[in-house]
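Okay, here's what each chain looks like letter by letter:
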Number of protein chains: 2
Amino acid sequence: MNDERIISAIKALSIAEISKAKSGHPGIALGAATILYTLYTRHMKIDVTDEKWINRDRFVMSAGHGSSLLYAVLYMSGFNLSIKDLKKFRQIDSVTPGHPEVGTTLGVDCSSGPLGQGVATAVGMASAQKYLSEKFNGLLDYNVYVLCGEGDLMEGVSYEACSLAGNLKLNNLIVLYDCNKVTLDGTLDKSFSEDVLKRFDAMGWYTDVVLDGNNVALIDMALDKAKRIKDRPVFIEVNTTIGKDSLLEGTNKVHGSPLTKEDIRQLKDKLKIDIDLFSNLGALRREMANFIRVRNSHERKTWDVKYNAYLNSCDDVTKRFLLSLSQDKRYDVTRLFKDTIFEDDELRRINGFVMNEIADNYASFLGGSADLFSSTKTYLNNFGDFKSGNYGGKNIWFGVREHAMGAFCNGLALCGLRPFAATFLAFSDYMKPAIRMASLMNLPVCYVFTHDSVEVGEDGPTHEPVEELAMLRSIPNHYVYRPCDANEVIGSWQCILNNDKPSSLVISRSKCENINTTNPLSVKKGAYIVRKEKKKMNGIIIATGKEVKLAIDVAEKLSNKGFELRVVSMPCMRLFEEQSKNYHEEVLPIGYKTFVIERLSKFGWNKYVYNDKYIMGLDEFGYSGKSKDVLEKLKIDDESIYKRIEKLLK
Amino acid sequence: MNDERIISAIKALSIAEISKAKSGHPGIALGAATILYTLYTRHMKIDVTDEKWINRDRFVMSAGHGSSLLYAVLYMSGFNLSIKDLKKFRQIDSVTPGHPEVGTTLGVDCSSGPLGQGVATAVGMASAQKYLSEKFNGLLDYNVYVLCGEGDLMEGVSYEACSLAGNLKLNNLIVLYDCNKVTLDGTLDKSFSEDVLKRFDAMGWYTDVVLDGNNVALIDMALDKAKRIKDRPVFIEVNTTIGKDSLLEGTNKVHGSPLTKEDIRQLKDKLKIDIDLFSNLGALRREMANFIRVRNSHERKTWDVKYNAYLNSCDDVTKRFLLSLSQDKRYDVTRLFKDTIFEDDELRRINGFVMNEIADNYASFLGGSADLFSSTKTYLNNFGDFKSGNYGGKNIWFGVREHAMGAFCNGLALCGLRPFAATFLAFSDYMKPAIRMASLMNLPVCYVFTHDSVEVGEDGPTHEPVEELAMLRSIPNHYVYRPCDANEVIGSWQCILNNDKPSSLVISRSKCENINTTNPLSVKKGAYIVRKEKKKMNGIIIATGKEVKLAIDVAEKLSNKGFELRVVSMPCMRLFEEQSKNYHEEVLPIGYKTFVIERLSKFGWNKYVYNDKYIMGLDEFGYSGKSKDVLEKLKIDDESIYKRIEKLLK
């Protein structure tokens, strides 16, 4: 195979895409083309005719601005992409968007997102393989490769995840660091002067250097060696030149703007190829694609035999789990609890019990906590810890690394699992970027957030959520549940696990009495009546979580005073929004005084209550003190709420 | 001085606080008491009678759950805290909250917040000293000390900040790592197995180890040595035992729950002190406080002389700046531009111009970008880069580290500066935890977020903000500005710099025509009329940012069709909320059809518009494509908005 000519073709294609789009990043395309070429031709275990093959190697382009390069490589590798697609780079409705998007482009295993996310997600993908391999007796043995740049390495989320990867000894993870010493704004030394290899060494990684990133043989050798490392993840620094062969090579000017015509002209000469016309590439593409096909075909065939044999010999539960990786899976959570009687208890404990039952019944369900198993009560008792030597364990010890936990779980979900990530609601702030990525990728990750209001108390305002619930509710494509008792916890999980999108489950630390009018099946409607007015209605209280019981109590007390109130529990605002207009009117008829009780920010509740006075919530942070005292100081204690509603009814 | 007895007293006090509160963290109190004792008695340059002394050494308790220990040490050091205060530990309205809060407790220099924030904030505090020292000819030469635990080090934000500290060679920053190898959930090795010293070495830090964290002399020597290191920050690993001398010592069980009575009883014996009664400490307190006073008094006196001499000799501008560190400062931004005529231009460029003028006129104004100077246009041209060898520079190269940038700026603000932090609005997600801390601490940090809507276009949904504006608006005590043209940019800065609270300034990347009805002075009202209806009004359009011009255009077009619309620009929702009811009614009279145009999430706008149909915004993520195509696909292009409003008016 003519490496040099094909690499030139890849560079040419990539630059042509950017030129056509008048937008894109030539620097990485010219600098890192040889890396991707070597990876895809010599190492990636793929089948371009079955891009969802569950045992394919995964590739994550963490430096997502290198999308034009990735598309060029995927095209040349024989994936079902056309020159027409490449010509529509960065255009609306194309399969070649500005940053790689999973589900949009065949061969793209992960949406890149802002810098750092890709690296961290890849750690989760590598962990998924470890778990699955353990469950299926080694059947799944794929590697996860990452291309990242300096920006990725500066982001805290990549550090967190890589530190964890070192702890977990993920030997199937190989990170290629495109080391060009230039960032968007200038030379790297202005903001970054680490000994990166030493840092990765300190984090338990095997490290290596490729001195010349334009040398296929050197990159190939490093990857060969990396695959032989059996006790840790591998980090390979590949020294490259940003914008190689451009007139601006080696400078930040070539990072993010299309090349000039003059530059393209001289580049053409250097690369000995026509890079304007997206043409004359057929033969080279066939050559590269064929090379990849031949290298992989035997392995694919062998694996298929192995897979079928395994499928025929394993037990039914294992079989269902294996098949679920490539097809939809339904979770019948409600059924698990049809005979269970729940005592009144802290809601976090009830939720922990429910999660344990789910874990016992569904192999795809696993997760962990950012050093708060003890407080979130999310430890899965019948499984051990996920760790080197016991990758079949279901409890992932994320350490105090909320952000990486989020991205890691995205990686698990990308590989067919149903992960959860648990911490306090106040710390959801740390995870927002990863939650957004899950929402963008349609990944069924569940974030379990306990300690869900200022009732946290003693730990004070930095640990008391206020605006976090609004933040989560504002994320498109994301479902937020705040159940009020055991029934609604079960109902929430039923919805969460049967939705292919991400969810947050917001859970009280405190005791929540079981309410006899709640119903697991009603959660899917988002909101429903838990106290029907007895006669002509004077108003409606909407409440969520622990505050539902309070709302009912308030309504009962006011009923004695002649005010008849309906109480609506709204465990999931978004699900309610998705119901019919008829249902909306049935539950929340217009023309009645409507109140909200939720001991968090009022922000977002004006959808149901125009006047802020009718919202028993917060515009301010909490305080350190006993729960009761904090609520009183904020004037949202039981008594204050009762009195305010009574006054507003008069 | 009787070290051992006083350390026992500190431990006793700390445990007594926790016992009384029935809440708190004994593990760190018993484990790290000797570290804090040694630091405060032997090293901290403080004046307990003037706890805001601008040249005091700063201490950041990044492991904020050790608050009871900190309060005990502050009490024993002679700060104006009483036993009564300690008895009210974690109670409402006390000066001893669950986690240290700046402004609440004398001697507390920084609110700790969630793990990691303290370390990162300290990097900013150390940088502030470097900048101020340069400006005042070495007058300010304080050190910044940090106590952190494993949790702090696992958090990405601390990594980001420490990597930057290494790059900046901050030799006045000394981090003491309370290394007890235990986390809340269990032993450290379950989630963290780094060679931490090697990592810090790789990041350009000087590292050292204290083998016995109970040995005053060893800690003292390490600190002495640390202060002599002149070319880099210092990281000292101090080996301790969590819950030292408790029955649960060395285990996670002693981390976060009060000790049992039995445990306290045996601890009393070991410490040879009464730890129930908060008593008999007077003599020991006098001893420790006196020791500290004597050690510091000469230095304080000498410094005062130096300060006064400097104040009398320096120029007026320098004098004003120096005085501003200890008193309020007003910024007259509007005046700077009274004769400036702004051409129509990209709003980010106009904002960059305004920021440069402010920087030229106010020494306290500095900041930087997370590798997006080039795109946010926030480089301050007349000052160099802030770096080793030029700490007087005003441009901080944060690298691709948004989260640390936020916390770093909090540190600058804590030391009297007026920092800004610039990146894309989509990446504000990465900074949320630090923004929340600024809001909790009342710090006047300004976050400059450009690329403020889905108009970002080609880079695609991961780079296009949607729900970020709602997220920022939902943060209590935080002011969000989205100006529509040069006038409003000036007005926003006028408000931002004269408010002691944090702000976000959200700026369009695109060209925004100057509107002849806008006014810098109106921004402080939050919202005002920019197009008055010509006759009987048919409705009101509220718009922000670039969409204000569109709203006016729509109103003009509809006026020709017989619909008279008022247009209200709302650069700051919170400021508008703070206006009188009269003003609300004047600007937004009730009873009219009201529309909103803002090309971001609808979330939060129901405050002004009940029906979502009247909000020209988004419930979904953006796409990759040309701006125009993205807007069309989302049905929020100019034409679609015009037609929707026309239809709704009919």
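Residues numbered from 1 in each chain as written. Chains lettered and ligands numbered in written order. Predicted model: local features only at pLDDT ≥ 70, side-chain atom pairs only at ≥ 80, totals over all residues.

1. Considerations on the overall build of chain A
Along the backbone of chain A there are 24 helices and 18 strands. On C-alpha atoms alone, chain A measures out to a radius of gyration of 27 Å, which is about the 26 Å that the 2.2 N^0.38 rule sets for 650 residues. Each of the three principal axes of chain A carries a C-alpha extent, and together these read 90 × 55 × 45 Å. When the 650 residues of chain A are sorted by exposure, 61% land in the buried category. Across chain A, the fraction of contacts at a sequence separation of at least 24, relative to all contacts at a separation of at least 6, is 78%. (Helix = DSSP H or I, 4+ residues; strand = E, 2+ residues; numbered from the N terminus. Rg over C-alpha atoms; globule rule 2.2 N^0.38 Å. Buried ≥ 20, exposed ≤ 12 C-beta atoms within 10 Å, placed from the backbone. Contact = placed C-beta atoms within 7 Å.)

2. Quick notes on the relation of the copies chain A and chain B
It takes a turn of 180 degrees to lay chain A on chain B, together with a shift of 0.0 Å along the axis; the resulting RMSD is 0.0 Å. In the structure described here, the two chain copies are related by an operation that fits a two-fold rotation axis. Taking the C-alpha atom as reference, chain A places Gly156 of chain A closest to the rotation axis, 1.8 Å from it. (Least-squares fit on C-alpha atoms with pLDDT ≥ 70 in both.)

3. Points about the sheet that holds strand E2 (residues 144-148) of chain B
All names here are of chain B. Pairing is parallel across the open sheet formed by five strands, whose spatial order is E1-E2-E3-E5-E4. Each edge of the sheet is formed by a strand with only one pairing partner; in this case those strands are strand E1 (58-61) and strand E4 (206-210). The average angle at which neighbouring strand axes cross in this sheet is 15 degrees, direction not considered. (Pairing = 2+ DSSP bridges. Axes fitted to C-alpha atoms, helices over the stretch in contact; angles between N-to-C directions.)

4. A look at the sheet that holds strand E1 (residues 58-61) of chain A
All names here are of chain A. The strand order across the open sheet formed by five strands is E1-E2-E3-E5-E4, and the pairing between neighbours is parallel. Looking at which strands have only one partner, the edges of the open sheet turn out to be E1 and strand E4 (206-210). Mean inter-strand twist for the sheet, computed between neighbouring axes without regard to direction, equals 15 degrees. Bridge analysis of E1 against strand E2 (residues 144-148) gives four bridges, and the strand direction is parallel.

5. A few points about the pairing of strand E15 (residues 539-543) of chain A
All names here are of chain A. In terms of residue burial, E15 counts as a mostly covered element, since four of its five residues are buried. When E15 meets strand E16 (residues 565-569), the two strands line up parallel, connected through five bridges. Of the residues in E16, the one forming a bridge with Ile540 is Arg566. Remark: the E15/helix H20 (residues 547-560)/E16 crossover connection has right-handed handedness. (Right-handed = clockwise from strand over helix to strand, strands pointing away.)

On their own, these measurements won't tell you what the molecule is for.
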